[in-house]
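Coordinate analysis (summary)
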Amino acid sequence: MSNDPLLQPYRLKHLTLKNRLMITSHEPAYAEDGMPKERYRAYHVERARAGVALTMTAGSASVSRDSPPAFNNILAWQDEVVGWMKALVDECHDAGCAVMIQLTHLGRRTRWDQGDWLPVLAPGPQREPAHRAFPKVMEGWDIARIISDYADAAERMQAAGLDGIELEAYGHLMDQFWSPGLNALEGRYGAASLDDRLRFATDTLAAIRARVGPDFIVGMRFAADEARPGGVSKAEGLEIAAALKATGMVDFFNIIRGHIETDAALTDVIPVQGMASAPHLDFAGEVRAGTAFPTFHAAKIQDVATARHAIASGKLDMVGMTRAHMADPHIVAKVMRGEEARIRPCVGANYCLDRIYQGGMALCLHNPATGRELEQPHAVTRAAARRRVVVVGAGPAGLEAARVAAERGHEVIVHEAADRPGGQVRLTAQTPRRAEMIQLIQWRVEECERLGVSFRYNSFADAADVRADAPDVVIVATGGLPDTEVLAEGDELVVSAWDILSGDARPGSDVLIYDDAGDYPALQAAESLAAAGSRVELVTRERGLSSEVMAMSLTPAMRVLQQHDVTVTVTWKLDAVRREGNGLRAILGSDYGDATRERLVDQVVVNHGTRPLDEVYFELRDGSVNLGEIDHAALIAGEPQDVRTNPDGAYQLFRIGDAVAARNTHAAIYDALRLCKAL
């Protein structure tokens, strides 16, 4: 028996959970037709087999037709869901993992033009800023119908064999009744008293219990402090917790602090990179201490040490490491094997959540196998024959290629022109709030060193250097360099965002940044310049700012830019720059017509992505057996590359990441994994 607090069992009612680690309810948006089919199941089963005690599926599973999914949620109001959930539950149970699901009605937190185009409902008329729908104020028949819908959905989950459910009450319909500032009803569900505001929740619980009986586990995930004017206060949140406990119909709390009706507010509830870790853990502990009731919690608990502290100190009964399990599904298995140091760290990049809020499925910046369990391995198998693989470049693509090739059992040599690994990520990590990104590099270097990869730093390898290694396979991962040649006039007068971040260009006093890529470098350059005292205007031809950064990850940057009074100008593009005295005249144009504007500044910064640094690839191409060609069908199918177009070739040649075209870190790592897993 282990003495590790995380590995101790926990008894919840009749259910014994084998350890204290859980995955809290979240929606990775892998559903197909609203159902948790094979991809959804494979995602949860991977983590169940690795040892997590409890996986909670389907964040915000919809109980009613008039709660249309905001981001490809599970449709718990359909009978068809039972069979799909049962298949998921059975496989997780076979691995000794309990399964629950989160049920909700989104209320105003959705859109009327989704699903069946039914009106959005709420107990008051206020619009939610994030989804922008003006709700219909609920009538009595709406309330009665939705309570019945909750009971129907709970019964379906019991029929599917789930161990329990939790009801969502932060930012959704249930706590819209609780919030004094949102509930405009009169009568028994109105805002006159706390008992009235809680009645929708207690009536729903009673209806559920009437269907599923007293033994089925039912929890409540709720904001015990909305931390906003007009919302549920901390004192009132503790009253709500006591009232819910007193009903005898709730078995656990899953505690949240904050509100989520704007991107910024949501980011404070679920912090991202550069924000404090575990910011609400102490508060959840206060609720547990004040109620003496089973308490779960998750919010940027990224590392095992913090999770262990949460249990050992008595703050929580079960600790959620949800995004951490996206980065590494095998956390529990590695802890049990004494390999805690090998856990792939969550770096808080929030690529997962930001993608679902833009209509995509959750993917991990750090782990391209997450969400692709049907196609990509989390554990790489060894190759039948050992080969010599030479990788040129030690950025994220090159390091992942080296790591995966070494896991396959190959001899791997890495050439890196700089004196240390990292590539663009090292530049990204210069900004303090993005310093966590360097863990992408550190983890891969440590894994490579464990596997015996040979690193050659300060090696600006040309074709002769690579050939001298007598490779069987060459992978070019040299990345790219900033592309600033985008103007009709004055390219030579501008600097790149990289020049600002690296310190190669001194900050100007009056600076115009033209962001035509929508990714991080422009934002980071703006932060750096503003902090140095520059007056900064950030210009983009798009309708919004930094489209590739996405909503939650944009929040910390916007706080910095607004604090420094940075001007943001959308729908204008930079056409030309001309020297004028000691300054520069920037000419702005528009995609919408022939309007122009001018700015007189002393520095112009251009962010227009990168162009591949691919000279060594073309030097090596004629000597390769495949002439650099990739069989895309084989790549997608996970099969070996076997293109043989040059009988005189001595090695296979591939290029990956930004050495192919400017994309992002996830794409670079994904390139490497799916190519090298079949080498």
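Reading the values: the criteria
- Residues numbered from 1 in each chain as written.
- Predicted model: local features only at pLDDT ≥ 70, side-chain atom pairs only at ≥ 80, totals over all residues.
- Heavy atoms only, no water.
- UniProt positions renumbered as here; feature names shortened; annotations may be inferred.
- Helix = DSSP H or I, 4+ residues; strand = E, 2+ residues; numbered from the N terminus.
- Polar contact = N/O pair within 3.5 Å; in protein donor to acceptor, adjacent residues only side chain to side chain.
- Domains from an automatic or database assignment.
- Contact = heavy atoms within 4.5 Å.
- Buried area = accessible area lost by both parts, 1.4 Å probe.
- Salt bridge = Lys/Arg side-chain N within 4 Å of Asp/Glu carboxyl O.
- Nonpolar A, V, L, I, M, F, W, Y, C, P; charged D, E, K, R; others polar.
- Phe/Tyr/Trp six-rings, centres within 6.5 Å; stacked < 30°, edge-to-face > 60°.
- Buried < 20%, exposed > 50% of the residue type's maximum accessible area, 1.4 Å probe, protein only.
- Lys NZ or Arg CZ within 6 Å of the ring centre and 35° of its normal.
- Pairing = 2+ DSSP bridges.
- 1 Å grid on protein atoms, 1.4 Å probe; cavity = no way out; pocket = protein on both sides within 12 Å on 5 of 7 lines; lining within 4 Å.
- Points joined across faces, edges and corners; volume = space filled by probe spheres on them.
- Right-handed = clockwise from strand over helix to strand, strands pointing away.
- Expected span 1.5 Å × (residues − 1).
- Patch = residues over 30% accessible without salt bridge, like charges linked within 9 Å, V, L, I, M, F, W, Y side chains within 5 Å.
- Areas by Shrake-Rupley, 256 points an atom, 1.4 Å probe, with all protein chains shown as cover.
- Lys, Arg positive; Asp, Glu negative; His and termini not counted.
- Charge placed at Lys NZ, Arg CZ, Asp CG, Glu CD.
- Axes fitted to C-alpha atoms, helices over the stretch in contact; angles between N-to-C directions.

1. Focus: the UniProt feature "domain: NADH:flavin oxidoreductase/NADH oxidase N-terminal" (unreviewed entry) in the chain
Following the UniProt record, the feature "domain: NADH:flavin oxidoreductase/NADH oxidase N-terminal" (unreviewed entry) maps to residues 6-338 here. Taken end to end, residues 6-338 is 37% helix and 16% strand, and its first and last C-alpha atoms sit 13 Å apart.

2. Quick word on the environment of D90
By the element assignment, D90 lies in helix α2 (residues 81-94). Only 2.8 Å separates the side chain of D90 from the side chain of K86, close enough to count as a polar contact.

3. Some thoughts on the domain arrangement of the chain
Many analyses report the size of an interface as the accessible area lost when the parts associate. Per the domain assignment, the segments of the chain are domain 1 (5-359), domain 2 (388-479 + 613-677) and domain 3 (483-609). Each partner contributes residues to the interface: domain 1 has 13 residues there, and domain 2 has 15 residues. Across the interface of domain 1 and domain 2, roughly 1,100 Å² is buried in total on both sides, 46% from carbon and sulfur atoms. Three residues, Q273, R342 and R344, lead the burial of domain 1 against domain 2; their summed loss comes to 49% of the area buried on that side. Taken together, domain 1 and domain 2 are joined by two salt bridges. With its nearest N and O atoms 2.8 Å apart, the salt bridge here joins E447 to R342. For the pair domain 1 and domain 2, the interface holds eight residue pairs in polar contact (both at pLDDT 80 or more). When grouped by side-chain class, the residues that make up the side of domain 1 that touches domain 2 number six nonpolar, four polar and three charged.

4. Observations concerning the packing of aromatic side chains
Applying the stated criterion across every chain yields a total of 13 aromatic pairs. Judged by centre distance (4.4 Å) and plane angle (10°), the ring pair of F177 and F200 falls under stacked. Here F200 lies in helix α5 (residues 194-212) and F177 lies in helix α4 (residues 173-178), a separation of 23 residues in the sequence. Of the residues examined, F177 reaches a relative accessible area of 0% and is grouped as buried. Assessed through its relative accessible area of 0%, F200 is described here as buried. Here a set of aromatic residues connected by ring pairs shows up, and it is made of Y150, F177, Y189 and F200. The ring of Y617 carries the charged tip of R655 above its face, separated from the ring centre by 4.4 Å. A cation sits over an aromatic face here: R674 above Y670, 4.3 Å from the ring centre.

5. Structural notes on the pattern of salt bridges
Summed over the entire model, instances satisfying the criterion amount to 55 salt bridges. With its nearest N and O atoms 2.6 Å apart, the salt bridge here joins E286 to K234. Taken together, the residues span a long stretch of sequence, with E286 in helix α8 (residues 281-291) and K234 in helix α6 (residues 234-247) at a distance of 52 residues. A salt bridge links R420 to D419; its shortest N-O distance comes to 3.2 Å. What you see here is one network of salt bridges that share partners, running through D66, K136, E139, D142, R145 and D149.

6. Quick notes on the pairing of strand β23 (residues 583-590)
Most of β23 sits out of view: seven of its eight residues are buried. Bridge count between strand β22 (residues 573-580) and β23: seven bridges; the pairing is antiparallel. Of the residues in β23, the one forming a bridge with A576 is I587. Linking two consecutive strands that pair antiparallel, namely β22 and β23, is a turn of two residues; a positive phi of about 60° is found at G581 within it. Inspection of the sheet shows β23 paired to strand β24 (residues 593-601) by six bridges, in the antiparallel sense. Note that in β24 the partner of R585 across the bridge is L600.

7. Section: empty space enclosed by the protein
Within this structure, the stated rule accounts for six cavities of 30 Å³ or more. Of the voids in this model, the largest cavity is the one considered here, and its volume is about 490 Å³. Among the residues forming the lining of the largest cavity, the class breakdown is 20 nonpolar, 10 polar and six charged.

8. Here's the deal with the pairing of strand β21 (residues 567-570)
Relative to β21, strand β20 (residues 535-540) runs parallel, the two sharing four bridges. Following the sheet pairing, V539 is matched in β21 by T569. Handedness of the crossover joining β20 and β21 through helix α19 (residues 551-563) is recorded here as right-handed.

9. Topic: helix α1 (residues 38-49)
The end-to-end C-alpha separation of α1 is 16 Å, in line with the 16 Å expected for 12 residues at 1.5 Å each. Across the 12 residues of α1, nine count as buried, placing the element largely inside the fold.

10. Brief notes about a negative patch on the surface
On the surface, D462, D465, E615 and E619 cluster together into a patch of negative charge. The residue E615 is located in helix α20 (residues 615-621) in this model. Overall, the relative accessible area of 48% leaves E615 in the partly exposed class.

11. Side note on the sheet that holds strand β11 (residues 295-297)
Two modes of strand pairing occur in sheets, parallel and antiparallel, and in both the strands are linked by backbone hydrogen bonds. Pairing within the closed barrel is parallel, and its eight strands lie in the order β3-β4-β5-β8-β9-β10-β11-β12. Taking the axes of each pair of neighbouring strands and ignoring which way they run, one obtains an average angle of 25° across the sheet. In this sheet, β11 lies alongside strand β10 (residues 252-256) in parallel orientation, the contact comprising two bridges. When the bridges of β11 are listed, N254 appears paired with F296. Strand contacts of α6: β9 (217-223) and β10, with the helix running at about 170° to β9, the strand carrying the most contacts.

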